[in-house]
Amino acid sequence: NAAYEILGDSQQRQSYDRQLSDSKKQQVQTAQTAQNVSRQQQQTGRDADEQMEQWLTKVYKPVNRMLNSILKPLKKEIDQLSADPFDDELIEQFQSYLETSRDFLKKAQNFFRSMPNPSNVAGVAAHLYYCINQVGDGIEELHLFTLNYDDRHLHTGQELFRIAAKLRREAQAELKS
């Protein structure tokens, strides 16, 4: 009876039709909004994955290679130098290693600055940043040894390189997890 009353009265019927139409429009808009949000989230996720992949390729891998080229030869270089630390030829070879290391360090710094790190690898980037700084300080300490033959500089440089190697391993471990 209530339905017949509404359908029979033209004003009530128009009001009912408007309410029904508004309700359907609202449902359609809500569904479209949900779809748009879902698409945006998927796109944002893809963009974040692409940014991370680019950062790994253009920053992380080259920096990691450069750091390895600096850190790995240190033990061999110090072993060679330990034969006679006052031998000019051995010191020149060690200084050559330090200059090569400086070049690698500059390249690593340039690669690191070339692109902002994505937020999902911020921890990895922080470890690399501190590793680069430790390597730079270590190179300077080792250079001071070549100037004054003070063993403290040699030991400090080795310790800074040890810390840098640990930071590099931590960055690799965090990247894997």
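Note that the coordinates shown come from a computational prediction; the quantities given were computed from them, not determined experimentally.

(A) The arrangement of the overall build of the chain in detail. Scanning the chain for helices and strands turns up six helices and zero strands. Start at the N end of the chain and walk to the C end: the helices and strands fall as α-α-α-α-α-α. Taking 177 residues into account, the globule formula puts the C-alpha radius of gyration at 16 Å, and the chain, at 32 Å, lies well above it. If you line up the chain on its principal axes, its C-alpha atoms span 110 × 20 × 20 Å.

(B) Representation of the packing of helix α5 (residues 122-148) against helix α6 (residues 151-176). Interaxial distance between α5 and α6 falls to 8 Å at its minimum, and their mutual angle equals 165 degrees. Taken together, α5 and α6 sit at an angle that is classed as roughly antiparallel. By crossing handedness, the relation of α5 to α6 is classed as left-handed.

(C) Quick peek at the packing of aromatic side chains. Under the criterion given, the structure shown has six aromatic pairs. Ring geometry for phenylalanine 86 and tyrosine 149: centres 5.0 Å apart, planes at 40 degrees, overall tilted. A residue pair is termed long-range when its members are at least 10 positions apart, and phenylalanine 86 in the loop between α3 (74-82) and α4 (88-113) and tyrosine 149 in the loop between α5 and α6 qualify at 63 residues. Taking the relative accessible area as the measure of exposure, phenylalanine 86 reaches 57% and is therefore exposed. Look at tyrosine 149 and you get partly exposed, because its relative accessible area is 29%. With a centroid separation of 6.2 Å and 35 degrees between ring planes, the pair formed by phenylalanine 112 and tyrosine 129 is classed as tilted. Residue phenylalanine 112 is located in helix α4, and its partner tyrosine 129 is located in helix α5; the two are separated by 17 residues in the primary sequence. Note on phenylalanine 112: relative accessible area 18%, which makes it buried. For tyrosine 129, a relative accessible area of 43% corresponds to the partly exposed category.

(D) Structural context of a negative patch on the surface. There is a patch of like negative charges on the surface, built from Asp47, Asp49, Glu50 and Glu53. Along the polypeptide, aspartate 47 turns up in helix α2 (residues 10-71).

(E) Quick look at α5. With 27 residues, α5 extends 40 Å from end C-alpha to end C-alpha; this agrees with the ideal 39 Å at 1.5 Å per step. Phi turns positive, to about 55 degrees, at tyrosine 149, one or two residues after α5.

(F) The arrangement of the packing of α3 against α4 in detail. In the contact formed by α3 and α4, the axes pass within 9 Å of each other and the chain directions differ by 165 degrees. Accordingly, the angle class assigned to the pair α3 and α4 is roughly antiparallel. As for the relative orientation of α3 and α4, their crossing is left-handed in sense. Of the residues in α4, those touching α3 at Leu74, Glu77, Ile78, Gln80 and Leu81 are Leu90, Ile91, Gln93, Phe94 and Tyr97. In terms of residue class, the contact of α3 with α4 is made up of seven nonpolar, two polar and one charged.

Conventions adopted
Residues numbered from 1 in each chain as written. Predicted model: local features only at pLDDT ≥ 70, side-chain atom pairs only at ≥ 80, totals over all residues. Heavy atoms only, no water. Helix = DSSP H or I, 4+ residues; strand = E, 2+ residues; numbered from the N terminus. Rg over C-alpha atoms; globule rule 2.2 N^0.38 Å. Axes fitted to C-alpha atoms, helices over the stretch in contact; angles between N-to-C directions. Parallel < 35°, antiparallel > 145°, perpendicular 65-115°, else oblique. Left-handed = near helix turned anticlockwise from the far one by under 90°. Phe/Tyr/Trp six-rings, centres within 6.5 Å; stacked < 30°, edge-to-face > 60°. Buried < 20%, exposed > 50% of the residue type's maximum accessible area, 1.4 Å probe, protein only. Patch = residues over 30% accessible without salt bridge, like charges linked within 9 Å, V, L, I, M, F, W, Y side chains within 5 Å. Areas by Shrake-Rupley, 256 points an atom, 1.4 Å probe, with all protein chains shown as cover. Salt bridge = Lys/Arg side-chain N within 4 Å of Asp/Glu carboxyl O. Lys, Arg positive; Asp, Glu negative; His and termini not counted. Charge placed at Lys NZ, Arg CZ, Asp CG, Glu CD. Expected span 1.5 Å × (residues − 1). Contact = heavy atoms within 4.5 Å. Nonpolar A, V, L, I, M, F, W, Y, C, P; charged D, E, K, R; others polar.

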